[in-house]
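# Chains, contacts and geometry: an overview
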Amino acid sequence: MGNAAARLRVFDAWVLPTLSYGCEVWGTDVFCQFNPRKDNDTLLFDACDGSKAERLHRSFLCACAGVRHNTPTTILMTEMRRKPLALTWMKRILGFWNTIMARDEVDLVRRAMLADLALAKSSTAGKLWARGFLRMLELAGHEPPAVFSAPAARFVPINTAAVLQGAADKWERTLWRRALGCGRDTRSERKPVREYANGYKGFPSISYEQWFMPSADQAKKGTWWGDVLMHHKDVQALCCFRMGVCGLEIDTGRQQMIRDRNRRVCRWCNSGGRGDEAHFALECPKMADLRYALLPECVRPPTVLSDDQIKLCMNAGFTHGDAWLAWAQLLKAGFKARKQDLHDQGQ
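Predicted model, so just to flag it, every value in this text is computed and none were measured.

## Some thoughts on the side chain of Asn3
- Take Asn3: it is sitting in the segment before helix H1 (4–19).
- A polar contact of 2.9 Å, which involves the side chain of Asn3, links it to the backbone nitrogen of Ala6.
- Non-local contacts of Asn3, meaning those with residues more than four positions away in its chain, are made with Gly226, Asp227, Val228, Leu229 and Met230.

## With respect to helix H4 (residues 40–49)
- With 8 of 10 residues buried, H4 lies mostly within the body of the structure.
- When H4 is considered as a whole, its buried residues turn out to be Asp41, Thr42, Leu43, Leu44, Phe45, Asp46, Ala47 and Cys48.
- Looking at the buried positions of H4, the neighbouring elements they touch are helix H3 (28–31), helix H5 (52–65), helix H7 (85–101), helix H9 (129–139) and helix H10 (160–180).

## Observations regarding the pattern of salt bridges
- According to the stated counting rule, one finds 16 salt bridges in the structure shown.
- Among the salt bridges present, the one from Asp41 reaches Lys170, with a minimum N-O distance of 3.5 Å. Here the residue Asp41 occupies a position in helix H4, and Lys170 occupies one in helix H10, the gap between them amounting to 129 residues.
- Put simply, Lys221 and Asp217 hold a salt bridge, and the shortest N to O gap is 3.7 Å. Of this pair, Lys221 and Asp217 both sit in helix H12 (residues 216–221), 4 residues apart, which is roughly one turn of that helix.

## Topic: the packing of aromatic side chains
- As enumerated under the stated definition, the model contains 12 aromatic pairs in all.
- Residues Phe318 and Trp324 carry aromatic rings whose centres are separated by 5.1 Å and whose planes lie at 85° to one another, so their mutual orientation is edge-to-face. Per residue, the accessibility class of Phe318 equals that of Trp324, and both read buried.
- An aromatic cluster of three or more residues is present, and its members are Phe96, Trp97, Trp129 and Phe133.
- Lying over the aromatic face of Phe203, Arg261 brings its terminal NZ or CZ to 4.1 Å of the ring centre.

## Describing the environment of Ser306
- Looking at the element boundaries, Ser306 is found in the loop between helix H17 (288–294) and helix H18 (307–314).
- Exposure remark for Ser306: the relative accessible area of 32% places this residue in the partly exposed category.
- The sequence separation of Ser306 and Asp260 amounts to 46 residues, and the corresponding C-alpha distance is 21 Å.

## Observations concerning a nonpolar patch on the surface
- Residues Val10, Trp14, Val15 and Leu56 make up a contiguous nonpolar surface patch of roughly 380 Å² in combined accessible area.
- A total of 3 residues in the nonpolar patch trace back to one element, the largest contributor, which is H1.
- By the element assignment, Val15 lies in helix H1.

## Considering H9
- Taking burial as the measure, the 11 residues of H9 include 10 buried ones, the bulk of the element.
- Against the buried residues of H9 lie helix H2 (23–26), H3, H4, H7, helix H8 (108–122) and H10.
- At the exit of H9 stands Gly141, carrying a positive phi of roughly 80°.

## Observations concerning the nonpolar core
- With 103 residues, the main nonpolar core has Met90, Trp225, Phe241 and Trp327 as its most contacted residues.
- In terms of residues, this core owes the most to one element, H7, which gives 10 residues.
- Filtering out sequence-adjacent residues up to four positions away, Met90 remains in contact with Phe31, Leu44, Met136, Ala140, Val163, Leu164 and Ala167.

## So, the state of the cysteines
- Throughout the structure, instances matching the rule amount to 0 disulfides.
- Free of any disulfide, Cys269 has its nearest neighbouring cysteine sulfur in Cys266, separated by 3.7 Å.
- Here Cys269 falls in the buried class, since its relative accessible area comes to 15%.

## Observations concerning unusual backbone geometry
- A positive phi angle, near 60°, is found at Arg81, a position not held by glycine.
- Accessibility expressed as a relative area gives 35% for Arg81, which makes it partly exposed.
- In this model, Asn270 sits at a positive phi of 55°, which is unusual for a non-glycine residue.
- Here Asn270 is to be found in the loop between helix H15 (249–255) and helix H16 (277–283).

## What about the packing of H4 against H10?
- Contact geometry of H4 with H10 gives a least axis separation of 9 Å together with a crossing angle of 95°. The orientation of H4 relative to H10 falls into the category roughly perpendicular. From H4, Asn40, Asp41, Thr42, Leu44, Phe45, Asp46 and Cys48 reach across to H10, where they touch Ala167, Lys170, Trp171, Arg173, Thr174, Leu175, Arg177 and Arg178.
- Of the residues contributing to the contact of H4 with H10, the split by class is 6 nonpolar, 3 polar and 6 charged.

## Here we look at empty space enclosed by the protein
- Counting across every chain of the model gives 1 cavity of 30 Å³ or more.
- Taken as a whole, the largest cavity spans an internal volume of roughly 100 Å³.
- Contributing to the lining of the largest cavity are 15 residues, with Pro204, Ser207, Gly244, Arg254 and Glu277 lying nearest its centre.
- Listing elements by their share of the lining of the largest cavity, those giving two or more residues are helix H11 (203–211) and H15.
- Top contributing element to the lining of the largest cavity by residue count: H11, with 5 residues.
- A per-class count over the lining of the largest cavity returns 9 nonpolar, 2 polar and 4 charged.

Cut-offs used in this document
Residues numbered from 1 in each chain as written. Predicted model: local features only at pLDDT ≥ 70, side-chain atom pairs only at ≥ 80, totals over all residues. Heavy atoms only, no water. Helix = DSSP H or I, 4+ residues; strand = E, 2+ residues; numbered from the N terminus. Polar contact = N/O pair within 3.5 Å; in protein donor to acceptor, adjacent residues only side chain to side chain. Contact = heavy atoms within 4.5 Å. Buried < 20%, exposed > 50% of the residue type's maximum accessible area, 1.4 Å probe, protein only. Salt bridge = Lys/Arg side-chain N within 4 Å of Asp/Glu carboxyl O. Phe/Tyr/Trp six-rings, centres within 6.5 Å; stacked < 30°, edge-to-face > 60°. Lys NZ or Arg CZ within 6 Å of the ring centre and 35° of its normal. Patch = residues over 30% accessible without salt bridge, like charges linked within 9 Å, V, L, I, M, F, W, Y side chains within 5 Å. Areas by Shrake-Rupley, 256 points an atom, 1.4 Å probe, with all protein chains shown as cover. Core = buried A, V, L, I, M, F, W, Y, C linked by side-chain atoms within 4.5 Å. Disulfide = S-S within 2.5 Å. Axes fitted to C-alpha atoms, helices over the stretch in contact; angles between N-to-C directions. Parallel < 35°, antiparallel > 145°, perpendicular 65-115°, else oblique. Nonpolar A, V, L, I, M, F, W, Y, C, P; charged D, E, K, R; others polar. 1 Å grid on protein atoms, 1.4 Å probe; cavity = no way out; pocket = protein on both sides within 12 Å on 5 of 7 lines; lining within 4 Å. Points joined across faces, edges and corners; volume = space filled by probe spheres on them.

Set out below in C-alpha cells:
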C-alpha cells in the first residue's frame, strides 16, 4: 500500500484504538504535570509530545513518508496533516465527562465523579482522576467546571470542539516557537530564505514555511498529495524533497558542519548556486530538459525567483491535483540522474 492517506486511515482504524484503549481513565495522567519554570503552553506541548505512543506515531509517519527519523517535527506533522495523539485522548476524556454528567442526578457514577471533583478542588492529597482532568482543562485554556448538585437537565456540557481547537492552537504555536526560536506568526525578521547565510536557529523549518507550507485555504480545500500519489516511491521522492531531507548539499552540508550555507553549492551543475530545493527543481541547468518534459505549465518557474514564486510552483498541486504526480516523476528522474552523474564523476 503506497497511498499515504490510506495508510493513515489504517493507522487510525487499527492502531489508534489500541493506543487509546481506556484513555478516558488513564489519559488524565498524561496532562497531570506541573513545573513553575514552564508556562502552560510548554507543559501542554510536553504532554502531547513526550509519550511513547506519540513517538510510535511519529515513527509511523516517517515510515509512511519514507523520510529520516530526525526530520523536524514541525515539518513532519504539518506536511502529513496530523495532530498529536494526546488531543485524541483529550477528546475522548471530554466526551466521557459530558456523557456521565448528562445522567440522572442519582446515578452513582455521576455522584462519584462530582465527589472526586470536589475533593480535587479542596485537597492536594492523593492521586485523583479529577485533578488530572482539571489540569488538562487548565493547560488547554478552559475554565474548570463548577461543583454543582443541580438536576441533570440543567447540566451544560463542555464545548469539546472549542477546547480541542484551543489546545491544538497552543500545541502548534509552541511547536513553531521551539523550531524557530519564536512563534511563526510573530517572527519579525522575515527575509528571503537565501539571505540566511549561517547561524540562524531552525533553518529547515524556515525554508519549509516560506517555500512549501500550504496556506490555511490550501490545507482546507486543496488537493493533498497524500490523496493523489499511489506508489510509495512517488511519495518518498516528494516527501524527502518537501521536508528537506533529500540529500542535497543544503542538507548534507548541515551534517558536515558547513555553517556557511552559501558554501553548500550544487556539485551537479557547478554553477556556484546554493544546492537547495529551489535550485535543484527550478534553476539547475542539469534539470532543464526534465522540467520542460515533465512539469505542466502551471508549475514551470519564471526567470527570476522570489520566495512567493517558489512557493507558488512548489504548491501548485493544491490547485491542480495532477501536478503532484508530475512533481514526483520529475524528482525521481532528477535524483536518479544526479546520483548517476556524481557517481561517474567520482563524487
